[in-house]
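Chains, contacts and geometry: an overview
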Amino acid sequence: MDILFDLDLIATRRERAASHPLPGADFLLDLAGRELAERLEVVERVFDEAVELHGGTGATARLSLETGKITNLTRIETDVVFAGAGERTFVKAPLEDVPLEAQSANLVLSPLALHLTNDTPGVLIRIRRALRPDGLFLAAIPGAGTLAELRDVLLATEAEISGGASPRVIPFPDVRDIGALLQRAGFALPVADAETYTVRYDSLFDLIRDLRAMGMTNPLSGRSRTPLSRQFLMRAAQIYAERYSDPDGRIRATFAMIYVSGWAPHENQPKPLKPGSATVRLADALKGKTS
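The rules we used
Every chain is numbered independently, its residues counted from 1 as its sequence is written. Given that this is a predicted model, residues contribute local features only at a pLDDT of at least 70 and side-chain atom pairs are listed and counted only at 80 or more, while totals for whole chains, interfaces and linings are drawn from all residues. Neither water nor hydrogens contribute to the side-chain values; these are computed over all heavy atoms in the structure. Helix and strand definitions follow DSSP, with helices as H or I runs of at least four residues and strands as E runs of at least two, each counted in order from the N terminus. Note that the radius of gyration is over C-alpha atoms, with the globule rule given as 2.2 Å times the number of residues to the power 0.38. Think of it in three bands: with a 1.4 Å probe and only protein chains considered, a residue is buried below 20% of the maximum accessible area for its type, exposed above 50%, and partly exposed in between. Note on definitions: a residue-residue contact is assigned when non-hydrogen atoms from the two residues lie within 4.5 Å. Each accessible area is a Shrake-Rupley estimate made with a 1.4 Å probe; only the visible protein chains count as cover when residues are assessed. In this count, Lys and Arg are taken as positive residues and Asp and Glu as negative ones, while His and the chain termini are left out. A charge is said to be at NZ when it belongs to Lys, at CZ for Arg, at CG for Asp and at CD for Glu. A carboxyl oxygen of Asp or Glu within 4 Å of a side-chain nitrogen of Lys or Arg is what we treat as a salt bridge. We call two N or O atoms a polar contact when they sit within 3.5 Å, provided that within protein one can donate a hydrogen and the other can accept it, with sequence-adjacent residues counted only if both atoms are side-chain atoms. Note on aromatic pairs: the rings of Phe, Tyr and Trp (six-membered ring only in Trp) are paired at centre separations within 6.5 Å, and the planes decide the class, stacked below 30 degrees, edge-to-face beyond 60, tilted for the rest. Only when the NZ atom of a Lys or the CZ atom of an Arg is both within 6 Å of the ring centre and within 35 degrees of the ring normal do we say a charge sits over the ring.

Looking now at the overall build of the protein chain. Counting its secondary structure elements, the protein chain contains nine helices and seven strands. What you see for the protein chain is a C-alpha radius of gyration of 20 Å, in line with the 19 Å of a compact globule of 291 residues. Projected onto its principal axes, the C-alpha coordinates of the protein chain cover approximately 60 × 45 × 40 Å. Of all 291 residues assigned to the protein chain, the portion counted as buried reaches 49%. Partitioning the contacts of the protein chain with sequence separation of at least 6, the portion at a separation of at least 24 is 79%. Total accessible area on the protein chain is roughly 14,000 Å²; 51% of this is exposed by carbon and sulfur atoms. Computed over 34 positive and 38 negative side-chain charges, the separation of the two mean positions in the protein chain equals 2 Å.

Applying the stated criterion across every chain yields a total of 19 salt bridges. Between aspartate 6 and arginine 223 there is a salt bridge, with its nearest N and O atoms 3.6 Å apart. Placement of aspartate 6 in the segment before helix H1 (7-19) and of arginine 223 in the loop between helix H7 (204-213) and helix H8 (230-244) is noted, with a sequence separation of 217 residues between them. Given the relative accessible area of 21%, aspartate 6 is considered partly exposed.

Before going further, it helps to spend a moment on the environment of arginine 200. Tracing the sequence through the fold places arginine 200 in strand E6 (residues 188-201). Looking at arginine 200, the relative accessible area reads 33%, which means it is partly exposed. Along the backbone, arginine 200 and isoleucine 70 are 130 residues apart, and their C-alpha atoms lie at a distance of 35 Å. Non-local contacts of arginine 200, meaning those with residues more than four positions away in its chain, are made with Asp246, Asp248, Arg250 and Ile251. Of the polar contacts made by the side chain of arginine 200, one reaches the side chain of aspartate 246; its length is 3.0 Å. In this structure the side chain of arginine 200 is engaged in a polar contact, spanning 2.8 Å, whose partner is the side chain of aspartate 248.

Our next topic: the side chain of glutamate 35. Summarising the element assignment, glutamate 35 is placed in helix H2 (residues 27-41). Within the structure, the side chain of glutamate 35 is placed 2.7 Å from the side chain of arginine 39, a separation counted as a polar contact. Setting aside its immediate chain neighbours within four residues, glutamate 35 contacts Tyr197 and Tyr259.

Let us now look at unusual backbone geometry. Among all residues except glycine, the phi angle is most often negative; among peptide bonds, the trans geometry is most common. Phi at histidine 54 takes a positive value of approximately 50°, unusual for a residue other than glycine. Classification of histidine 54 as buried rests on a relative accessible area of 2%. If you check the backbone angles, leucine 112 has positive phi at about 60° while not being a glycine. Note that leucine 112 resides in the loop between strand E4 (105-111) and helix H4 (120-130). We classify leucine 112 as buried; its relative accessible area is 12%.

As a further point, take the environment of glutamate 158. Its location among the elements puts glutamate 158 in helix H5 (residues 148-162). Residues glutamate 158 and phenylalanine 232, 74 residues apart in the sequence, show an inter-C-alpha distance of 7.5 Å. Contact partners of glutamate 158, with chain neighbours within four places excluded, come to Gly163, Gly164, Ala165, Ser166, Arg168 and Phe232.

This brings us to the packing of aromatic side chains. One pass over the structure, following the stated rule, counts three aromatic pairs. On the basis of an interplanar angle of 85° and a centroid distance of 5.9 Å, the ring pair of phenylalanine 27 and phenylalanine 255 is categorised as edge-to-face. Taken as a pair, phenylalanine 27 in helix H2 and phenylalanine 255 in strand E7 (residues 251-263) lie far apart in primary sequence, 228 residues in all. Taking the relative accessible area as the measure of exposure, phenylalanine 255 reaches 2% and is therefore buried. Note on tyrosine 240 and tyrosine 244: the rings are 5.7 Å apart at their centroids and 70° apart in plane angle, and the pair reads as edge-to-face. Taken as a pair, tyrosine 240 and tyrosine 244 lie in helix H8 at a separation of four residues, close to a single helical turn. Both residues of the pair, tyrosine 240 and tyrosine 244, count as buried. Stacked on the ring of tyrosine 259, the Lys or Arg arginine 39 has its end atom at 4.5 Å from the ring centre. Directly above the ring of phenylalanine 232 sits arginine 168, whose terminal nitrogen or CZ lies 5.5 Å from the centroid.

Following this line, the structure appears as structure tokens:
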């Protein structure tokens, strides 16, 4: 297995960000939480044992509980710094761990974590095994196109200043990759759709501030260990403004989100469609799923 990410560094940065939250910088987790809760709300079922897996702030857990579709919910995170005040159902576990007994849950929620795992197929298999038959998995995963502007700008700046390039923005999966991984992990009726969001900032430095506050700065194992110089950052900010600014001078940053669902196999489920024949969005597919 290739070691793409430095998981210890990811945990350290996420935990530091949670210890010193920047107001408003958790907007992506709030967005994912709202979207997953909306998809959960249309499922005609109440889930008695639900799990939020490495959901950071717990926004997805909170918003999903508000739907009335969950009886009991356990949160799993890398450190107790993520636990809310008085939170009792909290389990500490590394990012790639799924510390659940086989068939112990009937709902698993994964907001903004699966893009940071080295063994994503293995994590998905463990999630599927933790689900009871006909249990539901819902996830939000940053996908291809996320931070495309930043990737372009950093590559251009480094090529101009040093004549080379090193990876500074992580690779993100596309929707077909995620669909294939769900099938490989044994999920039934896998569905995925993608939404793209554009966020505007005053400058590159404001974008970097938010990424740091999310714990999302470069965690690649093959990253350059040399800190970016002031010269580099100033030139990058200039190139970003030249290529990706609006008439008012603010810059654009793209965040592409893949929303997925999959079910633990059960004999009473409808048969899947032939590959490539799906024409409905995730929310529509969930709305038609009853038990």
